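Residues per chain, in single letters:
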Amino acid sequence: MKRSLLFVLLAGIAGFLVVQWLHSHGWFDDWEQLGNDWRFRSANATWQPQASVAEHNDTWVSNQNACRVVIVALDEDVEWPLDEARWQRLHEQLHLWGAAAVGVDLALDAETVEALAAGIVAHDEEDEAQHFSVMQRLQNLPVVLAQRPYRALEAQEVELAPEAPLLWAAGDVVAERDGVVRRATLEQEGTPAFAYKLAELTERDAAEQWRDSRSRDNALLAYVGPPEAIPRVSLSDVLAGELPEEVLTRYGVRDAGQLLGNRAVLLGATSPGLHLGPAGAEAVWGVRTPYYDSREARRFIAARRGLDDASHVRAAQTRMPAIEVHANAVQMFTESPSEVLLQSASTEHNGALLVATCLVMVLGVAFLPPLFSFLVLVALGVGLYVGTTSMLVEQRIFYSMLGPMLGATITFAFGTLASYVVERRERRYITQMFSKYLSPQVVKQMAASKEPPKLGGENRELTLLFSDLQGFTGWSERLGPERLLELLNEYLGAMTDVIFKHQGTLDKFMGDAVMA
């Protein structure tokens, strides 16, 4: 094995070990997450409702999967909290339109809960207390709360049976270390999660499949698109009992029953100006998702709002209301895990991909000139992006891209540097050894061939030249040593120049004789 190849191979091993060490210490986990977000946005087709509803009698559909969730957004036209009559009207209207379940993710702050529990606010004077009694009487439409007012319910002697119309689930929106919400869970500390409970009431079969899935405890959230991709209607329109024509047209439906029928309806705040929820979330008006501050989100929101220029959409507007994060989780849990479950590739598979990229780069650096080996590095980067994105689209698996690319880059850098140092030393050695006997062109050819001298020699057809000066013995007797040496230097120098000019090899000087 040539020494340069050995050093390049060592560079490849170094690249592999460095990346593994960085992975084990979490040095670029955040960058890996950002890369996954980028590929997810590239691979994920945002919902675009069908323009025609003639072919769909009772199911509003998207490009691939049926929509199973609708947001009823609290707007500024409705005074909060609702009184008993409006709560009654809301539930009756949603039941009339065929909603499967209602999820309420509006603030029930600690002060209100404590006040209710302590009896400071009389039952018949507090709207939220009436809210509980109203929902308890509505047996036809299950309601799930995102926050449980423990003692307030106990004070009213309300029992929360598993199939009661008034249910409670854990509704926290949990962000990862970089502040982005990427995961959803089926339960929190033994309590069904808010989104999962609504999915269970809406599409029980699919929800049961999630309980058996491998990612049930910490599933990657398959967002259907940027903010506002989930269908929204305003609370004031629902209370009025009629949805505007432009809303029906936007979602490609004929009437409100077709939009809300057999779907989970989530009631929450979507406007930054309404500080009413979500329960348990730090960011009241919006959280960061993989679409935060992205070109895809800006374009989608601009199109939704009829803006000509997406640059007018500010970064803050690409935050997603927590109620819509819950809605995305509900949608995911109402679909089969085999269709929407996102997974991260195993450590073994990512390791194999890292080894493969480092090996390809080793071969490229060892056998190709630096420019071409750099092109190999570029091709590896393109291939990793295309390949990992394809795996995400086809199999919904996130393979590491940053790790293998970093390993290939380290291999290229260290391998190219090592090859350069080794080759330079070998060329200097060959040049110094043979420059006295060979023409510069031949020395360059030997150095460029990257082949070490063969001490055993090799068979070649050669032309031998023997040349000497006629009468040299007589001259040497007549001339003094200084003059004789001067003539010999001039003659042998001229002969050497001619030999080297014709790429000859000077074998030896024998007095006035030359062998070449």
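If you're wondering where the values come from, they're calculated on a predicted model, not measured in any experiment.

Rules and cut-offs
- Residues numbered from 1 in each chain as written.
- Predicted model: local features only at pLDDT ≥ 70, side-chain atom pairs only at ≥ 80, totals over all residues.
- Heavy atoms only, no water.
- Axes fitted to C-alpha atoms, helices over the stretch in contact; angles between N-to-C directions.
- Helix = DSSP H or I, 4+ residues; strand = E, 2+ residues; numbered from the N terminus.
- Parallel < 35°, antiparallel > 145°, perpendicular 65-115°, else oblique.
- Left-handed = near helix turned anticlockwise from the far one by under 90°.
- Contact = heavy atoms within 4.5 Å.
- Nonpolar A, V, L, I, M, F, W, Y, C, P; charged D, E, K, R; others polar.
- Salt bridge = Lys/Arg side-chain N within 4 Å of Asp/Glu carboxyl O.
- Buried < 20%, exposed > 50% of the residue type's maximum accessible area, 1.4 Å probe, protein only.
- Phe/Tyr/Trp six-rings, centres within 6.5 Å; stacked < 30°, edge-to-face > 60°.
- Pairing = 2+ DSSP bridges.

> Explain the packing of helix α15 (residues 347–367) against helix α16 (residues 370–395) here, please?
If you want to describe how two helices pack, look at the angle between their axes and the distance between the axes. Between α15 and α16, whose axes approach to 9 Å, the crossing angle comes to 160°. Between α15 and α16, the interaxial angle falls into the category roughly antiparallel. Crossing of α15 against α16: the hand is right-handed. Of α16, the residues touching α15 (which contributes Leu353, Thr357, Val360, Met361, Gly364 and Val365) are Ser373, Val376, Leu377, Leu380 and Leu384. Residues that form the contact of α15 with α16 fall into these classes: eight nonpolar, three polar and no charged.

> What should I look at first to understand the pattern of salt bridges in this one?
When the charged atoms of two side chains with opposite charge come close together, those side chains can pair. Enumeration over the complete set of coordinates arrives at 11 salt bridges. The partner of Glu200 in a salt bridge is Lys197, with the nearest N and O atoms 3.4 Å apart. A residue pair is termed a helical-turn pair when its members lie 3 or 4 positions apart in one helix, as Glu200 and Lys197 do in helix α7 (residues 194–202) at three residues. Neither Glu200 nor Lys197 differs from the other in exposure class; each is buried. Salt bridges linked by common partners bring Asp37, Glu176, Asp178, Arg182 and Arg183 together as one network.

> Before we go on, may I ask you to explain the packing of aromatic side chains in this structure?
Applying the stated criterion across every chain yields a total of five aromatic pairs. Centre to centre, the rings of Phe40 and Tyr291 are 6.2 Å apart; their planes meet at 70°, and the pair counts as edge-to-face. Placement of Phe40 in helix α2 (residues 29–43) and of Tyr291 in the loop between β10 (264–269) and α12 (295–304) is noted, with a sequence separation of 251 residues between them. Of the two residues, Phe40 and Tyr291, neither departs from the other in class, the shared state being buried. With a centroid separation of 5.2 Å and an interplanar angle of 85°, the aromatic rings of Trp210 and Phe333 are classed as edge-to-face.

> I tried to follow the sheet that holds strand β13 (residues 466–467) on my own but got confused; where do I start?
Taken in spatial order, the three strands make up an open sheet running β13-β15-β14, and their pairing is antiparallel. Of all the strands in the sheet, just β13 and β14 (508–510) have a single pairing partner and so form its edges. In terms of strand pairing, β13 meets strand β15 (residues 513–515) through two bridges, oriented antiparallel. Paired with Phe466 across the bridge in β15 is Met515. Strands β13, β14 and β15 of the sheet are contacted by helix α20 (residues 481–501), whose axis makes an angle of about 20° with β15.

> Teacher, can you tell me more about the packing of α2 against α16 here?
Here α2 crosses α16 at 65°, and the two axes come no closer than 10 Å. As α2 packs across α16, the resulting crossing turns out to be right-handed. In this structure, α2 uses Trp38, Arg39, Phe40, Ser42 and Ala43 to contact α16, whose residues at the interface are Tyr385, Thr388, Thr389, Leu392 and Val393. Grouping the amino acids of the contact of α2 with α16 by side-chain chemistry returns six nonpolar, three polar and one charged.

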